[in-house]
Amino acid sequence: MAKHWADFQYEIYLNGMSGAVPRLPTDLTRLEELTERRLGPGPVGYVSGSAGDGSTARANRAALKRHRIVPRMLRDVHERDLSVEVLGRALPAPLALAPVGVLSIMHPDAEVAAARAAAAQGVPFVLSSASSTPMEEVAAAMGGAERWFQLYWARDREVTRSFLTRAKASGFSVLVVTLDTPLLAWRPRDLDQAYLPFLHGVGTANYFSDPAFRAGLAKPPHEDPNAAVMHFVGMFADPGKTWPDLAFLRENWDGPIVLKGVLHPDDARLAADAGTDGVVVSNHGGRQVAGAIAAADALPGVAQAVGDRLTVLFDSGVRTGDDVFKALALGARAVLLGRPYVYGLALDGQAGVEHVIRCLLAELDLTLALSGHASPATVGTSDLDGGTG
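All chains use their own residue numbering, which begins from 1 and follows the written sequence. Local features are withheld for residues below a pLDDT of 70 in this predicted model, meaning they are given only at 70 or higher, and side-chain atom pairs are given and counted only at 80 or more; totals for whole chains, interfaces and linings count all residues. As a convention, hydrogens and water are excluded, and side-chain values are obtained from all of the structure's heavy atoms.

## Brief notes about the packing of helix α13 (residues 265-273) against helix α14 (residues 295-306)
Part 1 of the reasoning: Two elements in contact, α13 and α14, have axes separated by 8 Å at closest approach and are oriented at 35°. Every pair of crossing elements has a handedness; the one defined by α13 and α14 is right-handed. Listed contacts from α14 to Pro-265, Ala-268, Arg-269 and Ala-272 of α13 are Gly-301, Val-302, Ala-305 and Val-306.
Part 2 of the reasoning: Looking at the contact of α13 with α14 residue by residue, the class counts come to 6 nonpolar, 1 polar and 1 charged. Fitted lines through C-alpha atoms serve as axes, helices being fitted only where they are in contact, and the angles separating the N-to-C directions of these axes extend from 0 to 180 degrees. Where helices and strands are cited, they refer to DSSP runs of H or I of at least four residues and of E of at least two residues respectively, numbered from the N terminus. When the near helix sits turned anticlockwise from the far one by under a right angle, the crossing is termed left-handed; a clockwise turn instead gives a right-handed crossing. Any two residues having at least one pair of non-hydrogen atoms within 4.5 Å are treated as being in contact. Note that Gly is not counted as nonpolar here; it falls among the polar residues with everything else outside the nonpolar set of Ala, Val, Leu, Ile, Met, Phe, Trp, Tyr, Cys and Pro and the charged set of Asp, Glu, Lys and Arg.

## Description of the side chain of Asp-315
Part 1 of the reasoning: By the secondary structure assignment, Asp-315 is in the loop between β9 (311-314) and α15 (321-329).
Part 2 of the reasoning: Excluding residues that lie within four positions of it along the chain, Asp-315 makes contacts with Lys-260, Val-280, Val-281, Ser-282, Ala-295 and Leu-336.

## A look at unusual backbone geometry
Part 1 of the reasoning: Residues other than glycine seldom take positive phi values, yet Leu-74 does so here, at roughly 50°.
Part 2 of the reasoning: A relative accessible area of 91% means that Leu-74 is categorised as exposed.
Part 3 of the reasoning: Even without being glycine, Ala-194 reaches a positive phi, approximately 50°. Only protein chains enter the accessibility calculation, which uses a 1.4 Å probe; a residue whose area is less than 20% of its type maximum is buried, one above 50% is exposed, and one in between is partly exposed.

## Quick look at the pattern of salt bridges
Part 1 of the reasoning: Counted as salt bridges are all cases of a side-chain nitrogen of Lys or Arg within 4 Å of a carboxyl oxygen of Asp or Glu. Applying the stated criterion across every chain yields a total of 18 salt bridges.
Part 2 of the reasoning: For Glu-33, the salt bridge is made with Arg-37, and the minimal N-O distance between the two is 3.0 Å. Here Arg-37 and Glu-33 lie together in helix α2 (residues 31-38), a separation of 4 residues that amounts to about one turn.
Part 3 of the reasoning: In this structure Arg-37 comes out as exposed when scored by relative accessible area, which is 61%.
Part 4 of the reasoning: Of the charged contacts in the structure, one is a salt bridge between Asp-238 and Lys-241, with a shortest N-O distance of 2.8 Å.
Part 5 of the reasoning: By relative accessible area, Lys-241 is classed as partly exposed at 24%.
Part 6 of the reasoning: When salt bridges that share partners are traced, they join Glu-136, Arg-166 and Asp-210 into one network.

## A word on the side chain of Asp-365
Part 1 of the reasoning: Along the chain, the position of Asp-365 falls in helix α16 (residues 339-370).
Part 2 of the reasoning: Apart from the residues lying within four places of it in its own chain, the contact partners of Asp-365 are His-4, Trp-5, Ala-6, Arg-80 and Leu-82.

## Quick word on the nonpolar core
Part 1 of the reasoning: If you look at the biggest cluster of nonpolar residues, it comprises 110 residues, and the most contacted ones within it are Phe-125, Phe-149, Tyr-207, Leu-249, Phe-314 and Tyr-341.
Part 2 of the reasoning: Top element by residues in this core is α16. It accounts for 15 residues.
Part 3 of the reasoning: When near neighbours in sequence (up to four residues on either side) are disregarded, Tyr-207 contacts Ser-129, Tyr-152, Val-159, Phe-163, Phe-213, Phe-232 and Phe-236.
Part 4 of the reasoning: Counting residues in each nonpolar core, the second largest holds 15 residues, with Leu-91, Val-126, Val-258 and Leu-336 among its members. Throughout this description, the term nonpolar core refers to a set of buried Ala, Val, Leu, Ile, Met, Phe, Trp, Tyr and Cys residues connected via side-chain atoms within 4.5 Å.

## Thoughts on a nonpolar patch on the surface
Part 1 of the reasoning: Residues enter patches when their relative accessible area tops 30% and they take part in no salt bridge; the joining distance is 9 Å for like charges and 5 Å for the nonpolar side chains Val, Leu, Ile, Met, Phe, Trp and Tyr. Accessible areas in this description were obtained via Shrake-Rupley with a 1.4 Å probe; residue shielding takes into account the shown protein chains only. Taken together, Tyr-10, Tyr-13, Leu-14 and Met-17 make up a surface patch of nonpolar side chains, about 560 Å² in accessible area.
Part 2 of the reasoning: With respect to the helices and strands, Tyr-10 occurs in helix α1 (residues 8-16).

## Digging into α2
Part 1 of the reasoning: Along α2, the residues classified as buried are Leu-31, Leu-34 and Thr-35. The buried residues of α2 occupy one face: seen down the axis, they fall within an arc of 100°.
Part 2 of the reasoning: Where the residues of α2 are buried, they touch α3 (41-48) and α16. Directions pointing from the helix axis toward each C-beta atom define the arc.

## As for the environment of Gly-307
Part 1 of the reasoning: Its location among the elements puts Gly-307 in the loop between α14 and β9.
Part 2 of the reasoning: Residue classification places Gly-307 among the partly exposed positions, given a relative accessible area of 43%.
Part 3 of the reasoning: Distance from Gly-307 to Arg-269, taken between C-alpha atoms, is 10.0 Å for residues 38 residues apart in sequence.
Part 4 of the reasoning: Once you skip the residues sitting within four places of it in the chain, Gly-307 turns out to touch Val-302 and Val-312.

## Topic: the pairing of strand β6 (residues 174-178)
Part 1 of the reasoning: Among the 5 residues that make up β6, 5 are buried, leaving the element largely enclosed by the rest of the structure.
Part 2 of the reasoning: Looking at chain direction, strand β5 (residues 147-151) and β6 are connected through 4 bridges and run parallel. What sits directly across from Trp-148, in β6, is Val-174.
Part 3 of the reasoning: For the segment spanning β5, helix α7 (residues 157-169) and β6, crossover handedness is right-handed.
Part 4 of the reasoning: Only strands that DSSP links by at least two bridges are regarded as paired with each other. By the bridge criterion, 4 bridges tie β6 to strand β7 (residues 257-262) in an arrangement that is parallel. Each bridged residue has a counterpart across the sheet, and for Thr-178 the counterpart in β7 is Lys-260. Handedness of a crossover is defined as follows: orient the strands so they point away from the viewer, and if the path from the first strand over the helix to the second runs clockwise, the crossover is right-handed.

## Describing the pairing of β5
Part 1 of the reasoning: A large share of β5 lies buried, amounting to 5 of its 5 residues.
Part 2 of the reasoning: Burial along β5 is two-sided: the residues Arg-147, Phe-149 and Leu-151 and Trp-148 and Gln-150 are all buried.
Part 3 of the reasoning: Summarising the sheet, strand β4 (residues 125-127) and β5 pair through 3 bridges and their orientation is parallel. Within β5, the position partnered with Leu-127 by the bridge is Phe-149.

This is the structure we're talking about:
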């Protein structure tokens, strides 16, 4: 019998018999406000801030809210199974933790705590290139659990090649290539605090520990941190990359390759033509282009264009179980969850991340059941009211 994620609610109620209540809210939309109160403006702004005036981040939420679920009655939902197959991997639910860099600014246990939480719940963890913990340490903390590696595609080919070799050796099975950050966007919350962790050598652990990166330095990073930071800044991203460059990644990675940041159906078709395995429909949580299309508004067009050729994943704006339901209905195979788990990490370390995963999936399980579905496989556009409600 499949695990019923919804049972988490009974666990909470039973704990209440002895006077215990959850340490964190079960309404995950409240976590941001709590984190804002708990942490300094620099770290909070870096995670919750967005490009420009925040219009794209707001549009992401508004697009998901605009779609309304139309529940169906008298369908057998007694036994439910949220498991899905994504990129040849059997997952317990249509969820992975999105790559978020520099997690040490939120909690001292950083990526290791988030990765352990994902492993404990069976959910894939996507490690950012810009993590504050080297990929080998994160892998060791996860044991045999499913882990994917997100690549910021460096200007230096040898550093990129080295990252891919290390990730493969560390058991990362899927490569998630972020395309939407060839430059850092105009982010007023960071600019107003003059806050960029990388300039302090935070979020550079994979680079500073990399042999190809260190080969370009006169001295090791700990002896001349400023030189190491400037070397990093000079190669971090490359606005000159084009579609033919994907061949280099395919030559150096033999597992699935997923392109993150695709919003236009034609780009999704180019991804398929380039021989990649999937796309993440994403606008980087509203952090890159102010005034951009909401990710949920872009999702149906991409799914229609390449859903039969590629695995379509989704992120940007997901906060609740019903958001996940809506993303599935609009054509996603699974979603990547970002900010909410980072807030959970900030507030309560590994336990906070596990709380977020369990709340989200309990709510998804109940939303599916109460809408007439025993599995994500049966959810489709007919389960939404067309976005006019």
